[in-house]
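Observations on chain architecture
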Amino acid sequence: MALLTLSLAATGGVPADAPTLGLAYQPYVGHWSARPDNPYAPGDFHVPAFNSYVGGIDVEHPARSLWAATQTLRLTFDEAGRLQDVSATGSVDFQPEALRGQDAVAWSRAQTRFFEDRTLQTVSGVDHAASVYRQLDVLRQAAGGAPLTLATYGTGFQAGYWRQVDGRDSVALPFWTDRRLLELRPGETTPYQRRETTDVVFLFPPTAVHVRPAPERIRVETAGTPGQDLRVVAIHQALFEPANPTDPEARLNPGFFAGDANAQIALAAAEINAQAGRRLLTIKLGVDNIQVAGTLVNDRMRFAILSALAQAQVANARFPGTVTHLILTNEYAQPWSGPDEQPSPTEQITAMLKYARAQMAPNAAFAGLDLRLGARGHRFRLADPNANDPALARFGREVAALLAESDFVMENLYPSPEAVEAASQNGQWSVYFDPELGELSHKWRQLKRTIRTLAGERSIEIMIGEIGHPTDGIAFNLPGYVEDGAPIRPDTAFAAIADRLDTAGAQLDDGGLAIARRYFNPALASAFVREAVAWSQTTGLQIHLFEAFDEPWKSSPNLPRDERAARRALLGRSGPYGAESNYGLFGYSGVSELRPLPLRPAEIAPGSQLAPQLPDGTHWNGAFEGQFFLKLPDLDFAALAHSFTTTAP
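Keep in mind that this is a model prediction, so the values were computed, not measured.

Describing helix H14 (residues 563-571)
- Taken residue by residue, H14 has Ala565, Ala566, Leu570 and Leu571 as its buried positions.
- At its buried positions, H14 is contacted by helix H11 (493-498), strand E20 (501-502) and strand E21 (507-508).

Here it is as structure tokens:
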């Protein structure tokens, strides 16, 4: 497929089937705390779970908040001051119009709790410098007006956001809530009132697209005897019932837009597009591998799919075409040798693709949305129904069935250790990117043949879902790399690094790091990105560079207590020296402190062993006050983005 180019002046954009600069994107940013004083796990460093800090929340001014949640508890006491009765009311509303036309500050208001030692402080409002909106806006600005396409991984919902109350399964999601506590005592006509902002869990029907308010369903669970030892055990805030969309009170299930920050990607991208008056950000919205009892075929996965469809519908109503694809799972499809009667991972994906398509059918809940459906994997090219290996043959049949329900497939492709070795010696990636003989070109041709053969007459869009090279650390494609205590092959780079491991000091010495950095460094990462872009333009194949931002949470500095396990962690791709956290083109200088910003910001430093070097004018700061920076200073991101769109002479 040749690269299609048209004049931007004549068309106002890029042809739909031409590649643009693509990035894999998750809203995980920030760095480990510099001190091992995590209140949740004393002695451990704090995990930078910044994706949970969603923006657009202003509890004090609900009219300018994406969510407006309230809870009122009424406590009645007898003359002896003993608790006699407890009742509750509450509400939660998702308000997509609240931030239309608003700036980054409005989209970045958030709430958090800091600690003093292990004591939680009162909730405070913050202006989150790394909100989803600001992350996307950083990418927009860096691209200099050229369009970007982002492939994401989640919808804000995780399998653990679940609760059963009175025999009913419910989605359980926390909301920052305006909470009032009313205490009524004998002889008083006006109750004493206390007010606070806190996080309250609300419950939602898991497979209902539309719901209606049902305030009568809120229930206070108590223990003990009124007037003696009565106490509140839980408040079950199940305030909605499934509803027909024609019901005057019907609304989209508010739970579709809550959870972690992934739920805001489509909404924020649509707002950025709307304010620009053109589509600068295109979102391929991903759904995580939500397994229950070893299968994706469950109501929690269905809820995640419905969340993605709802987010896409609201986003595309704000700016048409913001969300174009729905990606079900990441690297879940694979050869499987289980019993024939047991659905394999690939068959599970196919079942969920059918479910998603049914939701967009005529007269269905999301009719007219018309997203392209498919899956992201890393072994699709191996599918062959005629293979001698029974597992590969079964995989081939299963992929053919998956393609019958798909509009696209994504394959994640990374260079082999041999290609990494060659690049480390000459600084070039021709072993991987050569148009004819390169490893990637070979894998691409193999993938294309496989998909075309298995798809038959069906037209399938083929893309690379992830492709990248880290700037630091020990990666899975380091020559000689092994995991889980497997024997280390001598005379390899990995063996040389293992020899430099100081288990007594729980660290890798400078010599060991120097070996790893011959293979994984900013210069090689920059060269990789440039050659990947050139390869994409030559082939016309849409790629998604892995990835937009570093994910420091993937490289844990917390070591197991067992010495042998600690040694494995120190050498692992997800340990303190692991490269998993260092694939980003951009970094963020916020450090995951659980305390308010100290008086001397110079004291703040990341706890990561492999923190990137900050550019001039950027410094380490608190979690919410960091700065974004381009990690590869010799990489012209805007030029790369614009290189995909040429103007005809």
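Here we look at the sheet that holds strand E13 (residues 240-242)
- Overall, antiparallel pairing links the three strands, which are arranged E13-E10-E14 in an open sheet. Sheet topology places E13 and strand E14 (251-252) at the edges, where each strand pairs with a single neighbour.
- With two bridges joining them, strand E10 (residues 210-213) and E14 adopt antiparallel strand pairing. Bridging from a neighbouring strand, Val211 pairs with Arg251 of E14.

Topic: the nonpolar core
- Counting residues in each nonpolar core, the largest one holds 167 residues, and the members touching the most others are Ile305 and Leu326.
- Ranked by the residues each element gives to this core, the list is headed by helix H5 (residues 299-318), at 11 residues.
- The contact partners of Ile305, leaving out residues within four places of it in the chain, are Val287, Leu326, Leu328, Met352, Tyr355 and Ala356.

Overview of the environment of Asp550
- Summarising the element assignment, Asp550 is placed in the loop between helix H13 (522-539) and H14.
- For Asp550, a relative accessible area of 4% gives the class buried.
- Separated by 62 residues in the primary sequence, Asp550 and Pro612 place their C-alpha atoms 9.7 Å from one another.
- In contact with Asp550, other than residues within four places in its own chain, are Tyr28, Val29, Ser581, Asn582, Tyr583, Gly584, Phe586, Pro612 and Lys631.
- There is a polar contact of 2.8 Å between the side chain of Asp550 and the side chain of Lys631.

A few points about the pattern of salt bridges
- All told, the structure shown has 37 salt bridges when counted by the stated rule.
- Close ionic contact of Asp299 with Arg302 constitutes a salt bridge, the shortest N to O distance being 2.8 Å. Residue Asp299 and its partner Arg302 are located together in helix H5, separated by three residues, close to a single helical turn.
- Residue Asp299 is classed as partly exposed on the basis of its relative accessible area, which comes to 31%.
- We note a salt bridge from Arg573 to Glu580, for which the minimum N-O separation is 3.9 Å.
- In this structure Arg573 comes out as partly exposed when scored by relative accessible area, which is 28%.
- The exposure class of Glu580 is buried, given its relative accessible area of 15%.

Concerning the side chain of Glu183
- Within the secondary structure, Glu183 is located in strand E8 (residues 168-184).
- Apart from residues lying up to four places away in sequence, Glu183 is in contact with Leu75, Phe77, Glu188, Pro191, Tyr192 and Arg194.

Considering the packing of helix H6 (residues 345-359) against helix H7 (residues 390-403)
- One way to put it is that H6 packs onto H7 with a least axis distance of 9 Å and a crossing angle of 10°. In terms of their interaxial angle, H6 and H7 are classed as roughly parallel. Taking contact as the criterion, the partners of Thr346, Glu347, Ile349, Thr350 and Leu353 in H6 are, on H7, Arg394, Phe395, Glu398, Val399, Ala401 and Leu402.
- Tallied by class, the residues present in the contact of H6 with H7 amount to six nonpolar, two polar and three charged.

Let's talk about the packing of aromatic side chains
- For the coordinates displayed, the defined rule picks out 28 aromatic pairs.
- Taking the centre distance of 5.0 Å and the plane angle of 65° together, the rings of Phe433 and Phe528 count as edge-to-face. Here Phe528 lies in helix H13 and Phe433 lies in helix H9 (residues 430-433), a separation of 95 residues in the sequence.
- For Phe433, a relative accessible area of 5% puts it in the buried group.

What counts and how
- Residues numbered from 1 in each chain as written.
- Predicted model: local features only at pLDDT ≥ 70, side-chain atom pairs only at ≥ 80, totals over all residues.
- Heavy atoms only, no water.
- Buried < 20%, exposed > 50% of the residue type's maximum accessible area, 1.4 Å probe, protein only.
- Helix = DSSP H or I, 4+ residues; strand = E, 2+ residues; numbered from the N terminus.
- Contact = heavy atoms within 4.5 Å.
- Pairing = 2+ DSSP bridges.
- Core = buried A, V, L, I, M, F, W, Y, C linked by side-chain atoms within 4.5 Å.
- Polar contact = N/O pair within 3.5 Å; in protein donor to acceptor, adjacent residues only side chain to side chain.
- Salt bridge = Lys/Arg side-chain N within 4 Å of Asp/Glu carboxyl O.
- Axes fitted to C-alpha atoms, helices over the stretch in contact; angles between N-to-C directions.
- Parallel < 35°, antiparallel > 145°, perpendicular 65-115°, else oblique.
- Nonpolar A, V, L, I, M, F, W, Y, C, P; charged D, E, K, R; others polar.
- Phe/Tyr/Trp six-rings, centres within 6.5 Å; stacked < 30°, edge-to-face > 60°.

Functional significance is not addressed by these values, which are geometric in nature.
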